[in-house]
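Coordinate analysis (summary)
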Amino acid sequence: MNIGEIARRAGVSRSTVSYALSGKRPVSEETRRKIQRVVDELGYRPSASARALANGRTSTLGLVFPPAGNHYTGMQLDFIGSVVEAAAAYDYDVLLSPSGVDSDRSFQRLLGERRVDGAILMEIRLEDDRVDHLSALAFPSVAIGRTARPEGAWWVGLDHTVLVERCVHHLADLGHRRIAFVNRPEQLLRTGYESAHRGLEGFTKAAAERGLTVRTYCCGDDADSGQTCVERILHDDPATTALVTLNEAALGGLYRGLARAGRHLPRDFSVTGVVAGRWAETVTPQLTAADVPAAEMGRLAVDLLVERLDHPDAPPRHHLLTPPISLRASTGPAGARPATDTGTDTTR
C-alpha cells in the first residue's frame with residue numbers, strides 16, 4: 001500500500017495526500033478527513049525512510065555508550081533503559097552505538113549517514129573528544145555527565161564532588177577517623193572518567209577538612225574485585241572502620257570481603273557511597289547512599305535533546321542533580337576496634 005493507492009481511493013492527487021500526511025502545506029479539513037478515512041481503512045503507515053526523506057527527520061535518537069568489555073554495570077543498564085523509555089514517550093526510536101577505540105566507525109556512521117536526529121552521550125570524560133566533535137559539527141547532542149568545561153553545552157549530571165563530600169562528612173559525624181575510598185577501575189581514572197575524578201576530588205577535600213586518615217583505591221567493576229579490594233584495605237590499615245564507594249558493581253564483593261574478615265555492618269564497620277537506589281537496597285544491610293536517579297537523568301537528557309531539536313536556536317541548558325543521602329542500615333557509630341593513628345594520609 002502506498003500514497004498512490006490512497007490518492008486513487010480518495011480521489012485526490014498524490015501531492016495532496018503527501019501534504020495531508022506531512023503537514024508541510026495546508027489542506028482543507030474536508031479533504032484531510034477524506035484522506036484520513038482511506039488511511040484508516042487501509043491501515044497505512046508511512047515508512048521511516050519515507051518520512052525522513054519528506055521532512056528531514058528520522059524520528060530516531062542515538063545513544064552513544066562505551067563498549068561493555070565483559071559486561072555493563074547495573075547503573076549503565078538503568079541509564080540505557082531510561083533513555084529508551086523516555087524517547088518512546090516522544091515517539092522516538094533509539095539507536096544504540098558503541099564508541100571507543102575499536103568502535104569509532106559505528107560512531108562515525110551514526111553521524112556521517114545521518115541515521116539519527118540527535119545523540120545522547122554516556123560515560124563522559126573530563127576531556128571528551130566525542131563532545132568536542134559533535135559541537136564542531138553543530139550536531140544536536142546532550143551529555144549524561146559533564147566535561148571539565150561544561151559551559152555552553154547541553155548536559156545532565158550528578159555533582160559527584162558534593163555527594164562524596166556528604167558521604168565523608170556523614171561518616172566523620174559518626175566518629176569514623178580512618179576511611180577508605182573505593183573508586184572505579186584504574187583505567188577509567190587514567191582516561192579522565194568524570195565521576196571517578198570528581199568523586200575522588202570530593203573525598204580528598206572532605207577528608208582534609210575533617211582531619212581524617214584516608215586511603216584511596218581503584219577497583220574493578222565486579223564482585224571479586226570488590227572482595228580483593230577489601231582485603232587490601234584491611235591489610236594496609238586494619239584499623240580502618242569505614243569506606244565510601246562509587247563502584248556499585250563491586251558492592252556485593254565489598255560486603256563479602258568484610259564478612260569474611262569478621263567485620264559486622266554497621267556495628268564495627270560502615271559503608272556508604274553513591275549508587276543507584278535499587279542496587280543499594282539489594283544488599284544486606286541496605287546501603288546508606290546518595291541514590292543515583294538514573295531514570296530521572298535519562299528522562300531529562302531526552303527532554304533536553306527533544307527541546308534542542310524542536311528549538312534549534314534555544315540557549316544551552318543543563319541539570320546538575322544532588323540527591324540527598326538515603327539513611328539505611330549500613331552505617332553506624334565508629335566501633336570499639338583499636339586503632340593506631342599515624343596522623344598521615346596515604347593514597348594508593
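Scroll up a little and you will see the structure.
Below, the structure is looked at part by part. None of the values given here were measured: they were computed from a predicted structure. (Residues numbered from 1 in each chain as written. Predicted model: local features only at pLDDT ≥ 70, side-chain atom pairs only at ≥ 80, totals over all residues. Heavy atoms only, no water.)

Details of unusual backbone geometry
At the junction of Leu265 and Pro266, the peptide bond is cis and its omega measures out at 0 degrees in the coordinates. Position of Pro266 among the secondary structure elements: in the loop between α12 (251-260) and β9 (270-276). The omega torsion across Thr284 and Pro285 is -5 degrees, close enough to zero to call that bond cis. Among the structural elements, Pro285 can be located in the loop between α13 (277-280) and β10 (288-292). (Helix = DSSP H or I, 4+ residues; strand = E, 2+ residues; numbered from the N terminus.)

Remarks on the sheet that holds strand β11 (residues 318-321)
In any sheet, the strands associate via hydrogen bonds between backbone groups, in a parallel or an antiparallel arrangement. An order of β2-β1-β3-β4-β5-β11 is seen for the six strands of this open sheet, with the pairing classed as parallel. Each edge of the open sheet is held by one strand with a lone partner, namely β2 (93-98) and β11. Neighbour-to-neighbour, the strand axes of the sheet open up by a mean angle of 15 degrees, direction not taken into account. Across three bridges, strand β3 (residues 118-121) lies against strand β4 (residues 141-144) in parallel orientation. Bridge assignment links Ile120 to a residue of β4, and that residue is Val142. Seen against the sheet, helix α5 (residues 74-89) touches β1 (60-65), β2, β3 and β4 and runs at an angle of roughly 150 degrees to β2. Strands in contact with helix α7 (residues 129-137) are β1, β3 and β4; relative to β3, the strand with the most contacts, it is inclined by about 160 degrees. (Pairing = 2+ DSSP bridges. Axes fitted to C-alpha atoms, helices over the stretch in contact; angles between N-to-C directions. Contact = heavy atoms within 4.5 Å.)

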